[in-house]
Amino acid sequence: MSPTPVVQRTVFSTSRSAEFLEAQALQSQTGQPRARFGDVVIKELLDNALDAAESARVRPEIGLEVSWADGVARVSVTDNGPGMPSGVVERILDFTRNVSDKESLRSPTRGMQGNAFKTLLGIPYALGVTEPVVVEALGVRHEIAVSADPSGEVAIRHTKAPSTRTTGTSVTVPLPTELVTDEKTATWLQNFALVNPHARIVDHGQTGCAQGAGIYKPTAPKGWRKPLPTDPTSAHHYDDAAMKKLVFAHIREHQQGGADLTVRAFTNTFAGLTGSAKAKKVAEQVPGITHLSGFEQHRDQVPVLLAAMKEHSKLPTPTYLGQVPRDHYTHVLDHAFGVEEAWFSRKQLTDAAGIPWSIEVTAARTKRPGTVSFAVNYSATFGDPLAATHLAGDGFTSTGARTFLSLTDAAPGEGNQFRRAAIVHLVCPVPQFTDKGKTALVIPPEAADACAKALTAATRVLAKDQRSKKSADRREERAAMRAHKANTASLGAPKVSKKAAVFAVMREAIGQARGGEGLSFSSHTLFYKIRPLALKLLPAGAKLNAQYVEQNLIPQWEKENGPIPGLYREPRGTLHHPHDPDGIRDVHLGTREVREYIPPKWSYNKILVIEKTGLWPPVRESGIAEKYDMAVITNEGYGTEACRDLLAKMPPGDVRIFVLHDADPYGYNIARTLGEETARMPDHRVEVIDLGLTVEDAITKGLEAEPDTRDAALPAGIVDRLSEVARDWFTGTPFTWNTKGEPAKWRYQRVELNAFSSPELIAYIEEGLARHNATGKVIPPDSELRSTAQQQLHHRVVGAVGEAVDAMFAMDQLVRAVYADLDTERITSIGQADLAQLHAHRPSLPWEDAVKTLVNNRLPNTPRLTALAYQAVANQLAADRR
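For every chain, the first residue of the written sequence is number 1, and numbering continues from 1 along that sequence. pLDDT decides what is reported in this predicted model: residues at 70 or higher carry local features, side-chain atom pairs at 80 or more are listed and counted, and totals for whole chains, interfaces and linings draw on all residues regardless. Hydrogens and water are ignored here; the side-chain numbers use all heavy atoms of the structure.

**Things to note about the overall build of the chain**
Helix and strand counts for the chain stand at 31 helices and 26 strands. Counting over 882 residues, the chain shows a buried share of 46%. Only carbon and sulfur atoms are counted for the fraction: they give 52% of the accessible area of the chain, which is about 43600 Å². Numbered from the N terminus, helices here are DSSP runs of H or I no shorter than four residues, and strands are runs of E no shorter than two. In this scheme, a residue with accessible area under 20% of its type's maximum is buried, one over 50% is exposed, and one in between is partly exposed, where area comes from a 1.4 Å probe on protein chains only. For the accessible areas, the method is Shrake-Rupley and the probe is 1.4 Å, while residue cover comes only from the protein chains on display.

**Remarks on the sheet that holds strand E19 (residues 587–588)**
In this analysis, strands are considered paired if DSSP registers two or more bridges between them. Spatial strand order, E19-E18-E21-E20-E22-E23: 6 strands in an open sheet with mixed pairing. The open sheet has two edge strands, E19 and strand E23 (688–692), and neither has a second partner. Strand direction decides the pairing type here: strand E18 (residues 574–576) and E19, joined by 2 bridges, are antiparallel. Pairing of Thr-574 across the sheet is with His-588, part of E19. Contacts: residue pairs with any heavy atoms within 4.5 Å of one another. To define axes, lines are fitted to C-alpha atoms, for helices over the stretch in contact only, and angles between the resulting N-to-C directions are given on a 0 to 180 degree scale. Packed on one face of the sheet, helix H21 (residues 665–675) meets strand E20 (606–610), strand E22 (656–660) and E23 and runs near 165° to E23. Contacts between helix H25 (residues 758–771) and the sheet are confined to E20, strand E21 (630–634), E22 and E23, with E23 contributing the most and set at about 140° to the helix.

**Side note on the packing of helix H1 (residues 23–30) against helix H4 (residues 116–126)**
Interhelical geometry of H1 versus H4 gives an angle of 150° and a closest axis separation of 10 Å. Crossing geometry of H1 relative to H4 is assigned as left-handed. Contact residues: H1 offers Ala-23, Leu-26, Gln-29 and Thr-30, while H4 offers Thr-119, Gly-122, Ile-123 and Ala-126. By residue class, the composition of the contact of H1 with H4 is 4 nonpolar, 4 polar and no charged. Note on convention: near helix rotated counterclockwise from far helix by under a right angle means a left-handed crossing. Clockwise means right-handed. Throughout, the ten residues Ala, Val, Leu, Ile, Met, Phe, Trp, Tyr, Cys and Pro are labelled nonpolar, Asp, Glu, Lys and Arg are labelled charged, and all others, Gly among them, are labelled polar.

**Observations concerning helix H24 (residues 724–731)**
Taken residue by residue, H24 has Ala-726, Trp-729 and Phe-730 as its buried positions. Taken around the axis of H24, the buried residues stretch over an arc of 90°, which confines them to a single face. Of the residues in H24, the exposed ones pointing more than 90 degrees away from the buried face are Glu-724 and Asp-728. Where H24 ends, the next residue or the one after it, Gly-732, has phi of about 65°, a positive value. It is the directions from the helix axis to the C-beta atoms whose arc is reported.

**Some points on the sheet that holds strand E10 (residues 356–366)**
Here we have 5 strands laid out as an open sheet, ordered E9-E10-E15-E11-E12, and mixed in their pairing. If you trace the sheet from one side to the other, it starts and ends with strand E9 (339–350) and strand E12 (379–380), each paired once. Two strands pair when backbone bridges link them, and E10 and strand E15 (residues 420–427) are joined in this way by 8 bridges, in the antiparallel orientation. Its bridge partner being in E15, Ile-359 is matched across the sheet by Leu-426. Here helix H10 (residues 326–337) sits on the sheet in contact with E9, E10 and E15, set at roughly 140° to E9.

**Here's the deal with the confidence of the model for the chain**
pLDDT is a per-residue confidence score from the predictor, ranging from 0 to 100. For the chain, mean pLDDT is 82; residues scoring 70 or higher make up 87% of the total. Contacts from residues 4–14, a stretch scored under 50 in pLDDT, to residues over four places away or in other chains number 0 contacts. Of the regions scoring below 50 in pLDDT, residues 678–682 engages in 11 contacts with residues more than four places distant in sequence or in other chains.

Okay, structure coming up:
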């Protein structure tokens, strides 16, 4: 028998990089099931965008937009960071390596997975989507499509083209339509906005905005800070194993062409060790090792290095972890669900291992059904980070924060009509997750105790009584008032005052005005709900005056009980910006509008408040607003609270405030109350310069005085400030007396601003500005001037290139060529039935936007449409050469 032949087998190596392209492997990588891959993409894009902006040390401006067409949902997130360089994009495409600036570091930053962007590239392919991922930054558009060849290796198709995006980065990831919904995107935006008070987060598509989402504006006060991705990390956050991992990550980078850091330079990258003296002392503890590469042969010296670094730096306190203001949590929850009442607690500690922790909890009773949100290190999570943690409450123990909130009536449920909302936010520089999805944390005992205490404090009121103690107080107050009325009728007791009656029914009236939908309501609407309820408590024939209730009693009630959620004062007066001839940027001065207004930079350096709206046309036409870079507020009479709140927003010293008024007691008092405290605004104080009109100026200008009458004493706040002439004019002569023989009415003299002709009025304003050296223009710093100059240069160059392209190509022919490759009849055959079908899912769309949406959905995808345009250009070039 012939001997069996020996086969020499080939040893194959199989790439593990394809793990990023298979759905099952991606589930392991991300810790989320396939059905939540849409959530994975949205969360990762928002994390990356916030980190990019923070790394550039600018206030994050984050945009999210989703478009649906051809069975594909395209999720796009933009940021205002430095822009992703092409070199970084190339490195990301190396599926054999992790590319991360946070891997191996220990700091309270958002993500430290190190392979997340690769999952964004692989998810579309794993889900059967063939469109590329698009990255636009620094003037370059990258289209990246990945796939797996039969051997399992990753095949990459990467094309580049010019892009108009020169600021920040835009990343678009295509996904199956069913994985991205309006509700899902709105929820992620809200959850990220909850823990990022410094960021402006915008839903450009206005998806899921039925509850008022769409734009989350920054609320962080000046000087607010959180740990940044670029901040030095603390040596105290590392143990021996973690420091070895970090050191050898640097060594590995050096072996692949990176720098070989000196021990001193490496030491300088840590908090508290940036000085040369400390770095020298640390380096002296590892003699003979000058560069990190030296530890490759002396691994036992890494713990020595770490010990020296800890010896020469301070243990960080929990305060460096940052704090989200409690008002911000309430603001975002109110934005999303309408907050009736909210409770907040923060606990900070350092655990036995020297690691700082911060735990923040807000629970709220809401007007609309709410949700429970969780976050770790300023990043929204997929679920409860305390899911595996035992938490001791008042008389019970729960596993997980969500269960704790449910047991204390702080989570939405049938018992509270789902009108609850809560946020639990943990910050720790060394988060140890139990899952790939970076959700569930390993919590040391002392941190678990702090979490339980924070949850207990924030939910105490709700846990004690579902309706809260304030609800019980309201019932008792109404019952007492009804009993008081009954006693009054039967025993002849003193009558109930109007104030007492209004205060007794206020909460009930608020509930009626708000309605079941929890919508906003005006003070006048609230009056109409107060009146019938209060009149039942008052004697027959009693009346309530709207002005008295709205301008006196409601503010008094708010002063004692806090702001009424959802109440707004109707706009009265307008802020006009200079260099805005069409009034596009006009701000109507209502409470909501002023609350949302952010004064623009380098737009105006002074504000003129005029007590008459009718004087705005000549002021606008004269051009003095533009000449002096001056904003103008026009009011009718006294400045509203909203007007005064707006003036208080202005940075002291940057914007000077002037007032122009009639020469009468009320005009003088208008000027005073704009800047000084009043009974309704006891803490208000703003420097306001009075331009007039004064009595003396009116006399000097030869303006005609007119007689008038008043039936009240002169405002107390102006009496001591009046000149002799003004006091004589305004005091006047009494002509009616009351029963006590005291003057009740007076005749006096006054002059209105309308006594000026329009040219005279403008001249008078300019004289006043000159008198106060306020005629200067807005001149930004050199950095702003240079940035604007660069933008203008770019605009002109792009315009010139566009004109050159238009001259080279017959645009109408190109458009016709692209049209020829499109089924224009199918795309444009849109009827009423089509709009009805779309409106069934998106009822807020106007018909024009609905048509645009239908057309966009029927067009080929953007890469295909662009390819048709490229082909048309190529054909024309070829024709020209022939």
